[in-house]
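Chain and residue survey
The chain contents come next:
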Amino acid sequence: MSAGFGQFCPVAVACEVFAERWTPLILREMFAGSERFNEIHRGVPLISRALLAHRLHSLEARGVVIRESVPGGRGHCYHLTAAGREFYSVIEGLGSWGQRWTVRVERDKLDPGFLMWNVRRRIALERLPPRRIVVRFKYGGVPARYRGPRLFWLLLERTHADLCIEDPGFEVDLYVDADLTAMAKVWLGDLTFESALRSGHVDLTGPRELARAFPSWLMLSHFAAVPRPEPRALRA
């Protein structure tokens, strides 16, 4: 653990737990439902696996996280303790502030894998047809530094949604060809899906009934509904 701030102020000692690099994002992932090490890492892909293990161990030592063996399986899962769950309002406040006051969609920060990992867990399952639906996403306008996949398959059923980065071998029902910047803006609520379609930055191909229903399946970012200030408020 780091030496800390050398103060007994509650803000200082809380920051020694919360404000280490990557820790807020790890907590964000856990609040979003990630429990296994690989799940957390997929939501924070730029952290090394060794550092993620160190951060989780540190949070466990601080009483924020508890590690438990997977019943009847291999490996471990991570859960927030009562102390960890109290960080929920902090994460909510940070996310709302970031949605309201910052410019989120900057090209060099875009990552289609991270976007799709979040899309997967924000599907309105109850709105899906009774059969499995396969949606293939293909992204253009990806930053040059990005070395990950550009093709993704969402396997959607009323019980769960899965994300594949290799062809799962099922017939595709819908094809989404999208500019990454436009899709990120849709996800954050800055652009409607319909506007992205009209502009040609997103193309949706498939049976008319499914194509019409598809936008209603996307619940968008947890923070998409946070209102943005008027431009004059940004200058004040």
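Note: the structure precedes this text.
Heads up: these notes are all about the structure in this document. Being a predicted model, the structure only gives us computed values, none of them experimental. Think of each chain on its own: its residues are numbered from 1, step by step along the sequence as written. It should be noted that, the model being predicted, local features are given only for residues of pLDDT at least 70 and side-chain atom pairs only at 80 or more, the latter also being counted only at that level, while totals for whole chains, interfaces and linings use all residues. For side-chain calculations, the full set of non-hydrogen atoms in the structure is used, while hydrogens and water are omitted.

The subject of this paragraph is helix H1 (residues 10–18). Burial here depends on accessible area, computed with a 1.4 Å probe over protein chains only, as a share of the maximum for the residue type. Under 20% is buried, over 50% is exposed, and the range in between is partly exposed. Each helix is a run of DSSP H or I of at least 4 residues and each strand a run of E of at least 2, with the numbering of both proceeding from the N terminus. For H1, every residue scored as buried is listed here: Ala 12, Glu 16, Val 17 and Phe 18. In this analysis, two residues are considered to be in contact whenever any of their non-hydrogen atoms come within 4.5 Å of each other. Contacts made by the buried residues of H1 are with helix H2 (23–31), helix H4 (49–61) and helix H6 (88–101).

Let us look at the sheet that holds strand E7 (residues 202–205). Note on pairing: two strands pair once DSSP finds at least 2 bridges between them. Pairing in this open sheet of 5 strands is mixed, and the strands run E5-E4-E3-E6-E7 from one edge to the other. Either end of the sheet is taken by a strand with one partner, and the two such strands are strand E5 (161–164) and E7. Direction aside, neighbouring strands of the sheet carry axes that sit 15° apart on average. Only C-alpha atoms enter the line fits that serve as axes; for helices the fit covers just the stretch in contact. Angles between N-to-C directions range over 0 to 180 degrees. Against the sheet, helix H7 (residues 112–120) contacts strand E3 (133–140), strand E4 (151–156) and E5, and its axis sits at roughly 5° relative to E4.

Another point: the state of the cysteines. Two cysteine sulfur atoms make up a disulfide if the distance between them is within 2.5 Å. Scanning the entire structure with this criterion turns up 0 disulfides. Free cysteine Cys 9: the closest other cysteine sulfur is in Cys 15, separated by 8.3 Å.

Glancing now at the pairing of strand E2 (residues 76–80). Inspection of the sheet shows strand E1 (residues 65–69) paired to E2 by 5 bridges, in the antiparallel sense. Its bridge partner being in E2, Arg 67 is matched across the sheet by Tyr 78. Linking E1 to E2, which pair antiparallel, is a turn of 6 residues; within it Gly 72 sits at a positive phi near 70°.

With that settled, the discussion passes to the side chain of Glu 29. Tracing the backbone shows Glu 29 in helix H2. Judged by relative accessible area, Glu 29 falls into the buried class, the value being 0%. Those residues in contact with Glu 29 that lie beyond four places of it in its chain are Ser 34, Glu 39, Ile 40, Gly 43, Val 44, Trp 117 and Arg 121.

At Trp 22, a residue that is not glycine, the phi angle is positive and equals roughly 85°. In this fold, Trp 22 is placed in the loop between H1 and H2. Trp 22 gets classed as buried once you look at its relative accessible area, which sits at 15%. Even without being a glycine, Leu 220 presents a positive backbone phi close to 65°. Relative to the helices and strands, Leu 220 resides in the loop between helix H10 (208–217) and helix H11 (231–235). Exposure remark for Leu 220: the relative accessible area of 23% places this residue in the partly exposed category.

For E4 and E5, the ladder comprises 4 bridges, and the chain directions are antiparallel. By the bridge assignment for E5, Leu 156 is matched with Ala 161. Between E4 and E5, which pair antiparallel and follow one another directly, the connecting turn spans 4 residues.

Turning to the packing of H2 against H4, a few remarks are in order. The N-to-C vectors of H2 and H4 enclose an angle of 80°; their axes lie 11 Å apart at closest approach. One finds that H2 runs roughly perpendicular with respect to H4. On H4, the residues touching Thr 23, Ile 26 and Leu 27 of H2 are Leu 52, Arg 55, Leu 56 and Leu 59. A class-by-class count of the residues in the contact of H2 with H4 yields 5 nonpolar, 1 polar and 1 charged. Should an angle lie under 35 degrees it is considered roughly parallel, over 145 roughly antiparallel, and from 65 to 115 roughly perpendicular; all remaining angles are considered oblique. Residue polarity follows a fixed list, in which Ala, Val, Leu, Ile, Met, Phe, Trp, Tyr, Cys and Pro are nonpolar, Asp, Glu, Lys and Arg are charged, and the others, Gly among them, are polar.

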